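# Architecture and fold: a report
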Amino acid sequence: MNSPIYENNNIEVIDQSDLFKKTIEVIRNAKEFIHIQFYIISDCLWFYLLMSELVKKADEGIKIRFMYDWAGSHKRFNKSNLNYLEKHGIEVEQFNPQSFNKYTSITNFRSHRKSVIVDNKYCITGGSNIGDEYLNLKKNYDNWKDLNFIIEGEIVNSINLRFCNDWINYTNFKKRKNSDINFFKNFTIHKAKGKDVCQIINSSPEFDLYVYKEMLMSKISLAKKTIWIFTPYLLIPDEIINNLLVASYRGVDVRIMVPHYPDDKKFILTSNRSSYKKLIKANIRIYEYYGFLHSKAVIIDDDQSLIGTNNLDYRSLVINFETSISVISEEFNKKMKTIFLEDQKNSRLISLYYLNEQFNMRQKIFNSFISIIHPLL
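For clarity, every value in this text was computed on a predicted model and none was experimentally measured. (Residues numbered from 1 in each chain as written. Predicted model: local features only at pLDDT ≥ 70, side-chain atom pairs only at ≥ 80, totals over all residues. Heavy atoms only, no water.)

Mapping T171 onto the fold places it in the loop between helix 5 (155–169) and strand 10 (197–203). Side-chain polar atoms of T171 contact the backbone oxygen of W167, separated by 2.5 Å. Among the polar contacts made by the side chain of T171, one reaches the main-chain amide nitrogen of F173 at a distance of 3.1 Å. (Helix = DSSP H or I, 4+ residues; strand = E, 2+ residues; numbered from the N terminus. Polar contact = N/O pair within 3.5 Å; in protein donor to acceptor, adjacent residues only side chain to side chain.)

Put into C-alpha coordinates, the structure is as follows:
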(Lines give C-alpha, C1' and ligand atoms only; values in the text may rest on other atoms or scores of the structure.)
Protein backbone atom coordinates (compact mmCIF):
# COMPACT_ATOMS: atom_id res chain seq x y z
CA MET A 1 0.00 0.00 0.00
CA ASN A 2 1.57 3.25 -1.17
CA SER A 3 -1.00 5.83 -0.07
CA PRO A 4 0.47 8.89 1.68
CA ILE A 5 0.25 9.49 5.43
CA TYR A 6 -1.06 12.91 6.50
CA GLU A 7 -0.88 14.52 9.93
CA ASN A 8 -2.91 17.73 9.56
CA ASN A 9 -6.39 16.31 9.97
CA ASN A 10 -9.33 16.54 12.32
CA ILE A 11 -11.93 13.76 12.64
CA GLU A 12 -15.17 14.12 14.55
CA VAL A 13 -17.75 11.42 15.19
CA ILE A 14 -21.23 12.40 13.98
CA ASP A 15 -24.06 11.38 16.25
CA GLN A 16 -26.66 9.51 14.23
CA SER A 17 -29.34 12.07 15.07
CA ASP A 18 -27.07 14.77 13.60
CA LEU A 19 -26.09 12.98 10.38
CA PHE A 20 -28.67 14.76 8.22
CA LYS A 21 -27.98 18.16 9.80
CA LYS A 22 -24.18 17.89 9.43
CA THR A 23 -24.41 16.65 5.84
CA ILE A 24 -26.65 19.53 4.82
CA GLU A 25 -24.41 22.06 6.61
CA VAL A 26 -21.35 20.84 4.70
CA ILE A 27 -23.23 20.92 1.38
CA ARG A 28 -24.57 24.42 1.99
CA ASN A 29 -21.04 25.69 2.67
CA ALA A 30 -19.64 24.37 -0.63
CA LYS A 31 -17.79 26.99 -2.66
CA GLU A 32 -16.28 24.95 -5.53
CA PHE A 33 -17.58 21.38 -5.90
CA ILE A 34 -19.43 18.51 -4.27
CA HIS A 35 -18.59 14.87 -4.96
CA ILE A 36 -21.03 12.24 -3.66
CA GLN A 37 -20.71 8.46 -3.73
CA PHE A 38 -23.02 5.89 -2.13
CA TYR A 39 -23.61 2.17 -2.32
CA ILE A 40 -27.37 2.40 -1.72
CA ILE A 41 -29.84 5.11 -2.70
CA SER A 42 -33.45 4.57 -1.64
CA ASP A 43 -36.63 6.54 -2.31
CA CYS A 44 -37.01 8.19 1.07
CA LEU A 45 -37.34 11.50 2.86
CA TRP A 46 -33.54 11.64 3.27
CA PHE A 47 -33.02 11.42 -0.51
CA TYR A 48 -35.67 14.00 -1.38
CA LEU A 49 -34.28 16.57 1.05
CA LEU A 50 -30.74 15.88 -0.16
CA MET A 51 -31.80 16.39 -3.80
CA SER A 52 -33.41 19.69 -2.88
CA GLU A 53 -30.17 20.96 -1.30
CA LEU A 54 -28.04 19.77 -4.21
CA VAL A 55 -30.26 21.49 -6.78
CA LYS A 56 -29.95 24.76 -4.85
CA LYS A 57 -26.15 24.51 -4.92
CA ALA A 58 -26.11 23.55 -8.60
CA ASP A 59 -28.22 26.61 -9.38
CA GLU A 60 -25.56 28.67 -7.59
CA GLY A 61 -22.95 27.33 -10.02
CA ILE A 62 -21.34 24.69 -7.78
CA LYS A 63 -20.06 21.69 -9.75
CA ILE A 64 -21.72 18.50 -8.45
CA ARG A 65 -20.96 14.87 -9.35
CA PHE A 66 -23.17 12.12 -7.95
CA MET A 67 -22.20 8.42 -8.20
CA TYR A 68 -24.07 5.37 -6.93
CA ASP A 69 -23.63 1.61 -7.21
CA TRP A 70 -26.16 0.12 -9.61
CA ALA A 71 -26.29 -3.26 -7.83
CA GLY A 72 -26.69 -1.82 -4.34
CA SER A 73 -29.37 0.62 -5.50
CA HIS A 74 -31.15 -1.71 -7.92
CA LYS A 75 -34.95 -1.14 -7.82
CA ARG A 76 -34.68 0.98 -4.68
CA PHE A 77 -35.55 4.35 -6.23
CA ASN A 78 -37.30 6.02 -9.14
CA LYS A 79 -34.72 7.07 -11.72
CA SER A 80 -36.83 10.09 -12.63
CA ASN A 81 -35.30 11.65 -9.50
CA LEU A 82 -31.85 11.39 -11.06
CA ASN A 83 -33.19 12.91 -14.29
CA TYR A 84 -34.36 15.82 -12.16
CA LEU A 85 -30.81 16.27 -10.83
CA GLU A 86 -29.34 16.14 -14.33
CA LYS A 87 -31.76 18.80 -15.56
CA HIS A 88 -30.17 21.14 -13.02
CA GLY A 89 -26.65 20.43 -14.30
CA ILE A 90 -25.70 17.76 -11.76
CA GLU A 91 -23.70 14.92 -13.30
CA VAL A 92 -25.02 11.50 -12.26
CA GLU A 93 -23.24 8.21 -12.94
CA GLN A 94 -23.56 4.54 -12.00
CA PHE A 95 -20.51 2.76 -10.65
CA ASN A 96 -19.75 -0.35 -12.72
CA PRO A 97 -22.97 0.16 -14.72
CA GLN A 98 -24.95 -2.82 -15.85
CA SER A 99 -24.04 -2.14 -19.47
CA PHE A 100 -20.39 -2.67 -18.53
CA ASN A 101 -20.85 -6.04 -16.96
CA LYS A 102 -24.03 -7.73 -18.15
CA TYR A 103 -23.56 -11.52 -18.32
CA THR A 104 -20.00 -11.28 -16.96
CA SER A 105 -18.43 -12.09 -13.60
CA ILE A 106 -17.67 -8.46 -12.81
CA THR A 107 -21.34 -7.85 -12.09
CA ASN A 108 -20.39 -9.18 -8.65
CA PHE A 109 -17.99 -6.28 -8.05
CA ARG A 110 -19.72 -3.51 -6.10
CA SER A 111 -18.63 -0.17 -4.73
CA HIS A 112 -19.44 -0.15 -1.03
CA ARG A 113 -17.85 3.31 -0.66
CA LYS A 114 -19.80 6.14 0.92
CA SER A 115 -18.68 9.75 0.95
CA VAL A 116 -19.78 13.35 0.61
CA ILE A 117 -16.72 15.41 -0.36
CA VAL A 118 -16.84 19.20 -0.41
CA ASP A 119 -14.13 21.48 -1.87
CA ASN A 120 -11.38 18.92 -1.14
CA LYS A 121 -11.65 20.22 2.43
CA TYR A 122 -14.40 18.21 4.16
CA CYS A 123 -15.63 14.65 3.83
CA ILE A 124 -18.49 12.86 5.54
CA THR A 125 -18.03 9.10 5.48
CA GLY A 126 -18.85 5.99 7.48
CA GLY A 127 -21.42 3.22 7.41
CA SER A 128 -24.57 5.07 6.35
CA ASN A 129 -26.14 5.01 2.90
CA ILE A 130 -29.05 7.15 1.68
CA GLY A 131 -32.06 5.55 3.32
CA ASP A 132 -34.40 6.51 6.13
CA GLU A 133 -33.30 3.52 8.23
CA TYR A 134 -29.87 5.18 8.59
CA LEU A 135 -31.59 8.12 10.28
CA ASN A 136 -33.81 5.82 12.40
CA LEU A 137 -36.88 6.99 10.47
CA LYS A 138 -37.97 3.59 9.17
CA LYS A 139 -40.37 1.53 11.29
CA ASN A 140 -39.20 -1.84 9.93
CA TYR A 141 -35.89 -1.55 11.79
CA ASP A 142 -35.67 -1.08 15.53
CA ASN A 143 -32.82 1.02 16.88
CA TRP A 144 -30.51 1.19 13.86
CA LYS A 145 -27.03 2.14 15.08
CA ASP A 146 -24.26 3.44 12.84
CA LEU A 147 -20.95 5.30 12.94
CA ASN A 148 -20.23 8.26 10.65
CA PHE A 149 -17.49 10.85 10.66
CA ILE A 150 -16.79 14.35 9.41
CA ILE A 151 -13.19 14.65 8.29
CA GLU A 152 -11.32 17.87 7.64
CA GLY A 153 -7.76 18.05 6.36
CA GLU A 154 -5.19 16.62 4.02
CA ILE A 155 -6.58 13.08 3.97
CA VAL A 156 -9.69 14.37 2.17
CA ASN A 157 -7.49 14.74 -0.91
CA SER A 158 -6.82 10.99 -0.92
CA ILE A 159 -10.53 10.24 -0.57
CA ASN A 160 -11.37 12.66 -3.37
CA LEU A 161 -8.74 11.19 -5.72
CA ARG A 162 -10.26 7.76 -5.15
CA PHE A 163 -13.66 9.20 -6.12
CA CYS A 164 -12.10 10.65 -9.28
CA ASN A 165 -10.52 7.31 -10.19
CA ASP A 166 -13.85 5.54 -9.79
CA TRP A 167 -15.64 8.25 -11.78
CA ILE A 168 -13.21 8.07 -14.71
CA ASN A 169 -12.64 4.31 -14.84
CA TYR A 170 -15.85 2.68 -13.62
CA THR A 171 -18.67 4.79 -15.05
CA ASN A 172 -19.89 5.95 -18.48
CA PHE A 173 -18.38 9.37 -17.76
CA LYS A 174 -16.20 9.39 -20.88
CA LYS A 175 -19.25 9.00 -23.14
CA ARG A 176 -20.57 12.40 -22.09
CA LYS A 177 -20.26 15.09 -24.76
CA ASN A 178 -18.80 17.63 -22.38
CA SER A 179 -16.75 15.24 -20.23
CA ASP A 180 -13.70 16.86 -18.66
CA ILE A 181 -11.06 14.25 -17.88
CA ASN A 182 -8.75 16.93 -16.48
CA PHE A 183 -11.10 18.06 -13.74
CA PHE A 184 -9.06 16.28 -11.05
CA LYS A 185 -5.75 18.06 -11.72
CA ASN A 186 -6.28 21.28 -9.83
CA PHE A 187 -7.34 20.23 -6.33
CA THR A 188 -5.84 22.16 -3.44
CA ILE A 189 -4.79 20.13 -0.40
CA HIS A 190 -6.28 21.64 2.74
CA LYS A 191 -4.53 21.45 6.12
CA ALA A 192 -6.69 21.28 9.22
CA LYS A 193 -5.62 22.55 12.64
CA GLY A 194 -6.01 19.09 14.15
CA LYS A 195 -3.17 16.57 14.33
CA ASP A 196 -4.94 13.28 13.68
CA VAL A 197 -2.55 11.15 11.61
CA CYS A 198 -4.44 9.44 8.77
CA GLN A 199 -3.79 7.05 5.90
CA ILE A 200 -6.41 5.90 3.42
CA ILE A 201 -6.87 2.17 2.85
CA ASN A 202 -8.45 1.47 -0.53
CA SER A 203 -9.22 -2.18 -1.18
CA SER A 204 -10.69 -3.48 -4.42
CA PRO A 205 -10.40 -6.30 -6.98
CA GLU A 206 -8.39 -3.99 -9.25
CA PHE A 207 -5.35 -3.73 -6.95
CA ASP A 208 -4.31 -4.19 -3.30
CA LEU A 209 -6.82 -7.01 -3.04
CA TYR A 210 -6.12 -7.91 0.58
CA VAL A 211 -4.74 -4.60 1.83
CA TYR A 212 -7.42 -3.98 4.47
CA LYS A 213 -7.21 -7.56 5.68
CA GLU A 214 -3.41 -7.32 5.94
CA MET A 215 -3.59 -3.98 7.76
CA LEU A 216 -6.13 -5.38 10.21
CA MET A 217 -4.07 -8.50 10.90
CA SER A 218 -0.95 -6.42 11.43
CA LYS A 219 -2.66 -4.16 13.95
CA ILE A 220 -4.15 -7.15 15.78
CA SER A 221 -0.73 -8.81 15.96
CA LEU A 222 0.89 -5.68 17.40
CA ALA A 223 -1.86 -4.80 19.88
CA LYS A 224 -0.72 -4.65 23.50
CA LYS A 225 -3.83 -3.64 25.49
CA THR A 226 -7.14 -3.62 23.67
CA ILE A 227 -8.85 -4.69 20.46
CA TRP A 228 -12.46 -3.53 20.36
CA ILE A 229 -14.43 -4.20 17.18
CA PHE A 230 -17.74 -2.92 15.83
CA THR A 231 -19.10 -4.94 12.90
CA PRO A 232 -22.55 -5.87 11.59
CA TYR A 233 -21.26 -9.02 9.88
CA LEU A 234 -18.81 -11.37 11.60
CA LEU A 235 -17.89 -13.75 8.77
CA ILE A 236 -14.12 -13.52 9.09
CA PRO A 237 -11.53 -15.94 7.68
CA ASP A 238 -9.67 -18.33 9.95
CA GLU A 239 -6.43 -16.35 9.87
CA ILE A 240 -8.10 -13.30 11.41
CA ILE A 241 -9.87 -15.48 13.99
CA ASN A 242 -6.54 -17.09 14.87
CA ASN A 243 -4.91 -13.66 15.26
CA LEU A 244 -7.68 -12.63 17.66
CA LEU A 245 -7.31 -15.86 19.63
CA VAL A 246 -3.55 -15.39 19.98
CA ALA A 247 -4.05 -11.74 21.03
CA SER A 248 -6.49 -12.80 23.74
CA TYR A 249 -4.17 -15.57 24.97
CA ARG A 250 -1.36 -13.07 25.41
CA GLY A 251 -3.57 -10.86 27.60
CA VAL A 252 -5.09 -8.35 25.16
CA ASP A 253 -8.66 -7.26 26.01
CA VAL A 254 -10.59 -8.37 22.90
CA ARG A 255 -14.24 -7.39 22.52
CA ILE A 256 -16.52 -7.69 19.49
CA MET A 257 -19.89 -5.97 19.14
CA VAL A 258 -22.44 -7.23 16.59
CA PRO A 259 -26.23 -6.82 16.13
CA HIS A 260 -28.82 -8.64 18.23
CA TYR A 261 -31.49 -8.02 15.56
CA PRO A 262 -30.98 -8.43 11.79
CA ASP A 263 -31.53 -6.03 8.90
CA ASP A 264 -33.04 -7.39 5.66
CA LYS A 265 -30.46 -10.23 5.78
CA LYS A 266 -32.39 -12.42 8.20
CA PHE A 267 -29.72 -15.12 8.18
CA ILE A 268 -27.06 -12.82 9.60
CA LEU A 269 -27.57 -13.67 13.29
CA THR A 270 -27.05 -17.38 12.65
CA SER A 271 -24.03 -16.68 10.44
CA ASN A 272 -22.46 -14.33 12.95
CA ARG A 273 -22.90 -16.84 15.77
CA SER A 274 -21.11 -19.60 13.87
CA SER A 275 -17.71 -18.32 15.03
CA TYR A 276 -18.70 -17.32 18.59
CA LYS A 277 -17.80 -20.55 20.36
CA LYS A 278 -14.07 -20.62 19.73
CA LEU A 279 -13.84 -16.87 20.43
CA ILE A 280 -15.70 -17.07 23.74
CA LYS A 281 -13.59 -20.05 24.83
CA ALA A 282 -10.51 -17.84 24.33
CA ASN A 283 -11.96 -15.25 26.74
CA ILE A 284 -13.01 -12.90 23.93
CA ARG A 285 -16.12 -11.00 24.91
CA ILE A 286 -18.89 -10.83 22.33
CA TYR A 287 -21.71 -8.34 22.76
CA GLU A 288 -24.93 -8.31 20.75
CA TYR A 289 -26.33 -4.79 20.53
CA TYR A 290 -30.06 -4.47 21.17
CA GLY A 291 -30.88 -3.20 17.70
CA PHE A 292 -29.25 -3.46 14.29
CA LEU A 293 -25.62 -2.41 14.68
CA HIS A 294 -24.29 -1.19 11.32
CA SER A 295 -21.15 0.44 12.78
CA LYS A 296 -17.76 -0.46 11.32
CA ALA A 297 -14.64 0.29 13.35
CA VAL A 298 -11.67 -1.36 15.03
CA ILE A 299 -10.15 0.32 18.09
CA ILE A 300 -6.59 -0.68 19.00
CA ASP A 301 -4.80 0.22 22.25
CA ASP A 302 -4.70 3.92 23.20
CA ASP A 303 -4.20 5.65 19.87
CA GLN A 304 -5.12 3.56 16.81
CA SER A 305 -8.39 3.09 14.97
CA LEU A 306 -9.64 1.74 11.64
CA ILE A 307 -12.81 3.45 10.45
CA GLY A 308 -14.74 3.54 7.18
CA THR A 309 -16.87 1.21 5.07
CA ASN A 310 -15.34 -2.25 5.61
CA ASN A 311 -17.41 -4.99 7.16
CA LEU A 312 -15.78 -8.15 8.44
CA ASP A 313 -17.10 -10.57 5.84
CA TYR A 314 -15.76 -12.14 2.65
CA ARG A 315 -17.47 -9.70 0.29
CA SER A 316 -16.09 -6.66 2.07
CA LEU A 317 -12.60 -8.11 2.58
CA VAL A 318 -12.13 -9.47 -0.95
CA ILE A 319 -14.78 -8.53 -3.54
CA ASN A 320 -16.06 -5.02 -2.85
CA PHE A 321 -14.49 -1.66 -3.61
CA GLU A 322 -14.04 -0.24 -0.09
CA THR A 323 -12.44 2.75 1.60
CA SER A 324 -11.28 2.82 5.19
CA ILE A 325 -8.94 5.11 7.11
CA SER A 326 -6.20 4.23 9.55
CA VAL A 327 -6.15 6.86 12.30
CA ILE A 328 -3.46 7.47 14.91
CA SER A 329 -4.79 9.84 17.58
CA GLU A 330 -5.16 9.44 21.33
CA GLU A 331 -7.99 11.97 21.46
CA PHE A 332 -9.98 10.31 18.67
CA ASN A 333 -9.30 6.84 20.09
CA LYS A 334 -10.64 7.98 23.48
CA LYS A 335 -13.88 9.17 21.82
CA MET A 336 -14.27 5.83 20.05
CA LYS A 337 -13.77 3.88 23.27
CA THR A 338 -16.38 6.02 25.01
CA ILE A 339 -18.88 5.20 22.25
CA PHE A 340 -18.08 1.50 22.50
CA LEU A 341 -18.62 1.47 26.27
CA GLU A 342 -21.92 3.35 25.91
CA ASP A 343 -23.15 0.88 23.29
CA GLN A 344 -21.95 -1.97 25.47
CA LYS A 345 -24.49 -0.88 28.10
CA ASN A 346 -27.22 -1.50 25.51
CA SER A 347 -25.90 -4.92 24.56
CA ARG A 348 -26.03 -8.51 25.76
CA LEU A 349 -22.80 -10.29 26.71
CA ILE A 350 -23.05 -13.69 25.02
CA SER A 351 -22.26 -16.77 27.10
CA LEU A 352 -21.66 -20.32 25.89
CA TYR A 353 -24.86 -21.36 27.68
CA TYR A 354 -26.91 -18.75 25.77
CA LEU A 355 -25.19 -19.67 22.51
CA ASN A 356 -26.00 -23.37 22.91
CA GLU A 357 -29.64 -22.49 23.54
CA GLN A 358 -29.87 -20.37 20.41
CA PHE A 359 -27.81 -22.51 18.04
CA ASN A 360 -29.97 -25.59 17.42
CA MET A 361 -29.39 -28.29 14.82
CA ARG A 362 -31.65 -26.63 12.25
CA GLN A 363 -29.62 -23.43 12.46
CA LYS A 364 -26.35 -25.36 12.18
CA ILE A 365 -27.54 -27.00 8.96
CA PHE A 366 -28.76 -23.66 7.62
CA ASN A 367 -25.44 -22.02 8.47
CA SER A 368 -23.52 -24.75 6.63
CA PHE A 369 -25.46 -23.82 3.49
CA ILE A 370 -24.93 -20.08 4.03
CA SER A 371 -21.19 -20.59 4.50
CA ILE A 372 -21.02 -21.94 0.94
CA ILE A 373 -22.85 -19.06 -0.75
CA HIS A 374 -22.03 -16.11 1.53
CA PRO A 375 -19.36 -14.65 -0.85
CA LEU A 376 -22.22 -13.86 -3.26
CA LEU A 377 -24.53 -12.24 -0.70
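Further notes follow.
In this structure the tally under the stated criterion is 16 salt bridges. A salt bridge links D343 to K145; its shortest N-O distance comes to 3.4 Å. One end of the pair, D343, is in helix 11 (residues 330–345); the other, K145, is in strand 8 (residues 144–145), with 198 residues separating them in the sequence. The shortest N-O distance in the salt bridge between E288 and R273 comes to 2.9 Å. Separated by 15 residues along the polypeptide, E288 in strand 13 (residues 285–289) and R273 in helix 8 (residues 268–273) bring together distant segments of the chain. (Salt bridge = Lys/Arg side-chain N within 4 Å of Asp/Glu carboxyl O.)

On inspection of all chains with the given rule, the structure shows 17 aromatic pairs. Here Y233 and F292 contribute two aromatic rings whose centre-to-centre distance is 6.5 Å and whose plane-to-plane angle is 45 degrees, an arrangement assigned as tilted. Highlighted residues: Y233 in the loop between strand 11 (226–230) and helix 7 (238–249) and F292 in strand 14 (residues 292–293), separated in sequence by 59 residues. An identical accessibility class is assigned to Y233 and F292; each is buried. Here K337 stacks its cationic end above the ring of W228, 5.5 Å away from the centre of that ring. (Phe/Tyr/Trp six-rings, centres within 6.5 Å; stacked < 30°, edge-to-face > 60°. Buried < 20%, exposed > 50% of the residue type's maximum accessible area, 1.4 Å probe, protein only. Lys NZ or Arg CZ within 6 Å of the ring centre and 35° of its normal.)

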